[in-house]
Amino acid sequence: MGNEQQDRPGDPLTALLDQVRLRLRDLDDGEPASYIPELGRVDPDLFGLSLCALDGQVYASGDTTTPFTVQSVSKPFVFALALADHGLENVLARVGAEPSGEAFNSIRLEPVTGRPPNPMVNAGAIVTSSLVAGDGPDERSARILEGLSAFAGRPLKVDEAVFASERATGDRNRALAYLMHNAGSLTGDVEEQLAVYFRQCSVLVTCEDLAVMHATLAGGGVNPVTGDRVVAPRHAQHVLAVMATCGMYDASGQWMLQVGMPAKSGVSGAIGVALPGQFGIGVFSPPLEEKGNSVRGIAACHLISDQFGLHLM
Ligand code: DON
């Protein structure tokens, strides 16, 4: 169970995060993902909420330093690295930027080109991770780990057990990758490309890391804690645009209506949110609804958006 509410007088942001977390702590809908066997071993009661402002200040409530695998929340950041390596036009030649209206593991590709619909669904993310610069899978994986670490502002590591579990059981992603290889939208050795993608999903982060990573996007590509520029402002802008339209998969429209901020979810129970020019939020709570998004995570983002009047529209 998460830390109990702590006494932090005079800090209204932490008080608000505590309030939201305590209000939702007993919400017990959903189940942790188990299609990657290692993910099913998590404590479903873990619940953390972090917010990183653009002055680098991090606010935290609950289990915000517990590590978990980043899963699909890696996708916007790897898309950013592919943009940095190739530019928007070249990346768009290989992966679209349209919401699919379908599940994260949908096998639908564009009819003529075989392009995956966008970089947030698995098919698109397998392509963007294959586009990251590097000579061979080890170098590409190293650049991805280094890039994610720069977004987080600290050196991150891979959870080798989750990586092995996903690699051993990832037949749907394997099928997708072979389809795309056949269609010409994924080039190179399919098993090597998949290993790079599975490793990227298995990088360990905390809720606080997610808040800093999303604050880096919200701040136009500069990490507010380290002060380092991680990606160019226009690439951060492209990433936020695609998160806004495709980040929550087939729940993206509903999300924009209710929360109104660019976001990305992952099957470990993570959600990252970026409010451009303002802050990043990280939420972690493993039980998921049927679309693969964290139940408490969605509810927490609704409450935070409502209470602060954060909806962009
Ligand atoms: O590709 C997969 O199945 C996982 N590594 C990531 C999927 C994921 O996080 C989908 N998000 N809700």
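Counting of residues starts from 1 at the beginning of each chain's written sequence and follows it residue by residue. In keeping with the predicted nature of the model, local features appear solely for residues at pLDDT of at least 70, side-chain atom pairs appear and are counted solely at 80 or more, and the whole-chain, interface and lining totals rest on all residues.

Per an unreviewed UniProt entry, the protein chain goes by Glutaminase and derives from Streptomyces xanthii. UniProt positions are given in the numbering used here, feature names are shortened, and annotations may be inferred rather than shown by experiment. Turning to the protein chain, the UniProt record has this under Catalytic activity (unreviewed entry): "L-glutamine + H2O = L-glutamate + NH4(+)". Per UniProt, the comment on the protein chain under Subunit (unreviewed entry) is "Homotetramer."

Q: Hey, could you run me through the domain arrangement of the protein chain in this one?
A: For an interface, size is often stated in terms of accessible area lost upon the parts coming together. Where each domain begins and ends is defined by an automated method or by a domain database. Partitioning the protein chain into structural domains gives domain 1 (12-70 + 205-308) and domain 2 (72-201). Just the C-alpha atoms count here: the centres of domain 1 and domain 2 sit 20 Å apart. Listed per partner, the contact involves 40 residues of domain 1 and 33 residues of domain 2. Counting only elements with at least two residues in the side of domain 1 that touches domain 2, the list comes to helix H9 (207-218), helix H10 (233-246), strand S6 (263-265) and strand S7 (270-275). Numbering of helices and strands starts at the N terminus; helices are DSSP runs of H or I of at least 4 residues and strands are runs of E of at least 2. With 8 residues, H10 is the single largest residue contributor to the side of domain 1 that touches domain 2. Ten residue types, Ala, Val, Leu, Ile, Met, Phe, Trp, Tyr, Cys and Pro, are classed as nonpolar, four, Asp, Glu, Lys and Arg, as charged, and the remainder, Gly among them, as polar. By residue class, the composition of the side of domain 1 that touches domain 2 is 21 nonpolar, 13 polar and 6 charged. A pair of residues counts as a contact when their C-beta atoms, built from backbone coordinates, are within 7 Å of each other.

Q: Sorry if this is basic, but what is going on with the UniProt feature "binding site: substrate" (unreviewed entry) in the protein chain here?
A: Here, UniProt's "binding site: substrate" (unreviewed entry) annotation points to Ser72, Asn122, Glu166, Asn173, Tyr197, Tyr249 and Val267. Beyond its immediate stretch of four places on either side in the chain, Asn122 contacts Phe104, Asn105, Asn173 and Leu176. Looking at where Asn173 falls in the secondary structure, it is placed in helix H7 (residues 171-183). In contact with Asn173, not counting residues within four places along its chain, are Asn122, Ile126 and Leu194.

Q: Explain the pairing of S7 here, please?
A: For a regular strand, side chains alternate in direction, first toward one face of the sheet and then toward the other. Residues with at least 20 neighbouring C-beta atoms inside 10 Å of their own are called buried, those with 12 or fewer are called exposed, and the rest are partly exposed, where every C-beta is derived from the backbone. The buried fraction of S7 amounts to 6 of the 6 residues, a majority that puts the element mostly inside the structure. Because side chains alternate across S7, one face comprises the buried residues Ala270, Gly272 and Ala274, and the other comprises Ile271, Val273 and Leu275, equally buried. Pairing of S6 with S7, which is carried by 3 bridges, proceeds in the antiparallel orientation. Looking across to S7, one finds that Lys264 is bridged to Gly272. In this description, strands pair whenever DSSP reports at least two bridges between them. Between S6 and the antiparallel strand that follows it, S7, lie 4 residues; Gly269 among them carries a positive phi value of about 105 degrees. Where S7 lies against strand S8 (residues 279-284), 6 bridges are found, and the strand directions are antiparallel. Directly across from Ile271, in S8, lies its bridge partner Val283.

Q: Could you clarify how one ought to interpret the nonpolar core in this entry?
A: In summary, soluble globular proteins display a tendency toward joint burial of nonpolar side chains. Of all hydrophobic cores here, the largest spans 94 residues; its most connected members are Ile126, Ala211, Ala263 and Cys301. Residue contributions to this core peak at 8 residues, all from H9. When residues are assigned to domains, this core turns out to be shared by domain 1 (12-70 + 205-308) and domain 2 (72-201), each giving three or more. The contacts of Ile126, once residues within four sequence positions are left out, are Asn173, Leu176, Ala177, Met180, Leu186, Gln193, Leu194 and Tyr197. Under the definition applied here, buried Ala, Val, Leu, Ile, Met, Phe, Trp, Tyr and Cys residues are grouped into a nonpolar core through C-beta atoms within 7 Å.

Q: Hey, could you run me through unusual backbone geometry in this one?
A: Most of the time, phi is negative for any residue but glycine, and the peptide bond is trans. Even without a glycine there, the phi angle at Gln71 is positive, about 50 degrees. Relative to the assigned elements, Gln71 resides in the loop between strand S3 (68-69) and helix H2 (75-86). The class for Gln71 is buried, based on 26 C-beta atoms found within 10 Å.

Q: What's the story with the sheet that holds S7 in this structure? I'm lost.
A: Judged by pairing direction, the sheet is antiparallel, and its 5 strands sit side by side in the order S2-S1-S8-S7-S6 without closing on themselves. Lying at the two open borders of the sheet, with one neighbouring strand each, are strand S2 (58-62) and S6. Each strand of the sheet is rotated relative to its neighbour by a mean of 10 degrees, with strand direction disregarded. Pairing between strand S1 (residues 48-53) and S2: 5 bridges, direction antiparallel. Along S2, the bridge assignment pairs Ser50 with Ala60. This element, H9, spans S1, S2, S7 and S8 of the sheet and lies at about 150 degrees to S8. Contacting S1, S6, S7 and S8, helix H12 (residues 295-308) runs over the sheet at an angle of about 145 degrees to S8. Each axis is a line fitted through C-alpha atoms, taken for helices only over the stretch in contact, and angles between the N-to-C directions span 0 to 180 degrees.

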